[in-house]
Amino acid sequence: MCGIVGVLGDHEVAPILVEALKRLEYRGYDSAGIATVNNGQLDRRRAVGKLANLSDLLVHDPLAGKSGIGHTRWATHGAPSIINAHPHRAGPVAVVHNGIIENFRELQTELTERGVAFQTDTDTETIALFAQVHMADGTDPVTAAFRALDKLKGTFAVAFLFDGEEDLIVAARKGSPLAIGYGDGEMFVGSDAIALAPLSSRITYLKEGDLAIRPDINTLCPKKSLNSPAF
Ligand code: GLU
């Protein structure tokens, strides 16, 4: 079981993400990574093995930005490698994901038939690719994320970050817990309260099938009211 964190903050987010991931180390992992949006541009860093390897990479190749997502991976689809480490990127979309997409092969076939190429061996990449396909049609990021989530079968927790959107994370869960933390003008999402405790003055858990979006991440939106995926 791996870990997810997300921060929409007021400070440089890379060290905050790594510290939050450290608090999720107890869950086990084989690789780790973070993505940020800085001046509208998504970028990411990933490393195999301990979080110290990711920290070392960030010393030599820093990642600026005040919004970001992070992940510790426990590989289920594809070897533990940098290419398969999260966050996964497809054009304007970066995704971190806990869990298993049970209909991965079906989704892979659908994307392949649409001419979409895969860069990784993971099930997770399908989420990013579906969101990218929708955004390429001019769909807004939140709707594109909802449509991608709508395709998924299985248990998961997911967080999306987008090019050009420094104040937006879309987070969703089904079967895996996901906590939302409220700070002083900052918002956090994470696999559990331990990850978020030092950052947040208040923590709530997303309910099954809920989605959180920001701006308005503090409005936890039952799926029906958002016309969002039926999971
Ligand atoms: N199934 C995904 C993968 O293999 C996520 C695994 C996890 O929960 O860390 O990359």
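Residues numbered from 1 in each chain as written. Predicted model: local features only at pLDDT ≥ 70, side-chain atom pairs only at ≥ 80, totals over all residues. Heavy atoms only, no water.

The next point concerns the side chain of Thr36. Following the sequence through the fold, Thr36 ends up in strand 2 (residues 31-38). Non-local contacts of Thr36, meaning those with residues more than four positions away in its chain, are made with Val13, Gln41, Leu42, Asp43, Leu63, Ala64, Gly65, Ser67, Gly68 and Leu161. (Helix = DSSP H or I, 4+ residues; strand = E, 2+ residues; numbered from the N terminus. Contact = heavy atoms within 4.5 Å.)

Bringing the side chain of Ser191 into the picture now. For Ser191, the location among the structural elements is in the loop between strand 10 (187-190) and helix 6 (193-196). Here the side chain of Ser191 touches Ile4 through a polar contact of 2.7 Å, landing on its backbone nitrogen. Residues within four places of Ser191 in sequence aside, it is in contact with Cys2, Gly3, Ile4, Leu24, Arg27, Asn98, Pro177 and Leu178. (Polar contact = N/O pair within 3.5 Å; in protein donor to acceptor, adjacent residues only side chain to side chain.)

Before going further, it helps to examine helix 1 (residues 14-22). Note: α-helices contain 3.6 residues per turn, so residues at a spacing of three or four share the same orientation. Looking at helix 1, one finds that the buried residues are Ala14, Ile16, Leu17, Val18, Ala20 and Leu21. Contacts from the buried residues of helix 1 go to strand 1 (3-8), strand 2, helix 2 (51-60), strand 4 (67-73) and helix 6. (Buried < 20%, exposed > 50% of the residue type's maximum accessible area, 1.4 Å probe, protein only.)

The next thing to look at is helix 5 (residues 141-150). In terms of residue burial, helix 5 counts as a mostly covered element, since seven of its 10 residues are buried. Burial in helix 5 covers these residues: Pro141, Val142, Ala144, Ala145, Phe146, Ala148 and Leu149.

What follows concerns the environment of Arg105. Checked against the element boundaries, Arg105 lands in helix 3 (residues 104-113). Owing to a relative accessible area of 56%, Arg105 belongs among the exposed residues under this scheme. Sequence spacing of Arg105 and Thr126 is 21 residues, and the spatial spacing of their C-alpha atoms is 9.5 Å.

Okay, the site of the ligand next. Inspection of the region around the ligand gives 14 residues, with Arg73, Trp74, Thr76, His86 and Asp123 positioned closest. Gly99 is positioned such that a nitrogen or oxygen atom in its backbone is 2.8 Å from a nitrogen atom of the ligand. Measuring from a nitrogen atom of the ligand, one finds a side-chain N or O atom of Asp123 at 2.7 Å. Relative to its unbound accessible surface of 300 Å², the ligand loses 98% to contact with the protein. Going through the elements one at a time, strand 4 and strand 6 (93-101) are the ones with two or more residues in the shell around the ligand. A total of three residues in the shell around the ligand trace back to one element, the largest contributor, which is strand 6. Its residues assigned to classes, the shell around the ligand shows three nonpolar, nine polar and two charged. (Near = heavy atom within 4 Å. Areas by Shrake-Rupley, 256 points an atom, 1.4 Å probe, with all protein chains shown as cover. Nonpolar A, V, L, I, M, F, W, Y, C, P; charged D, E, K, R; others polar.)

The next thing to look at is the sheet that holds strand 1. Pairing within the open sheet is antiparallel, and its seven strands lie in the order 3-2-4-1-10-9-11. With one partner strand each, in any of the chains shown, strand 3 (41-48) and strand 11 (202-205) form the two edges of the open sheet. Ignoring strand direction, the axes of neighbouring strands in this sheet form an average angle of 15 degrees. Its contacts with the sheet place helix 2 against strand 2, strand 3 and strand 4, and it is angled at close to 135 degrees to strand 3. (Pairing = 2+ DSSP bridges. Axes fitted to C-alpha atoms, helices over the stretch in contact; angles between N-to-C directions.)

Relative to the helices and strands, Gly91 is located in the loop between strand 5 (88-90) and strand 6. For Gly91 and Gln119, which are 28 residues apart along the polypeptide, the C-alpha to C-alpha distance reads 12 Å. Once you skip the residues sitting within four places of it in the chain, Gly91 turns out to touch Leu42, Gln132 and Asp163.

As a further point, take the pairing of strand 7 (residues 154-162). With eight of nine residues buried, strand 7 is to be regarded as a mostly interior element. Here nine bridges tie strand 6 to strand 7, and the two strands are oriented antiparallel to one another. Within the sheet, the bridge partner assigned to Ile100 lies in strand 7 and is Thr155. Counting the residues between successive antiparallel strands, the hairpin from strand 7 to strand 8 (residues 165-174) contains two residues, one of them, Gly164, with a positive phi of roughly 75 degrees.

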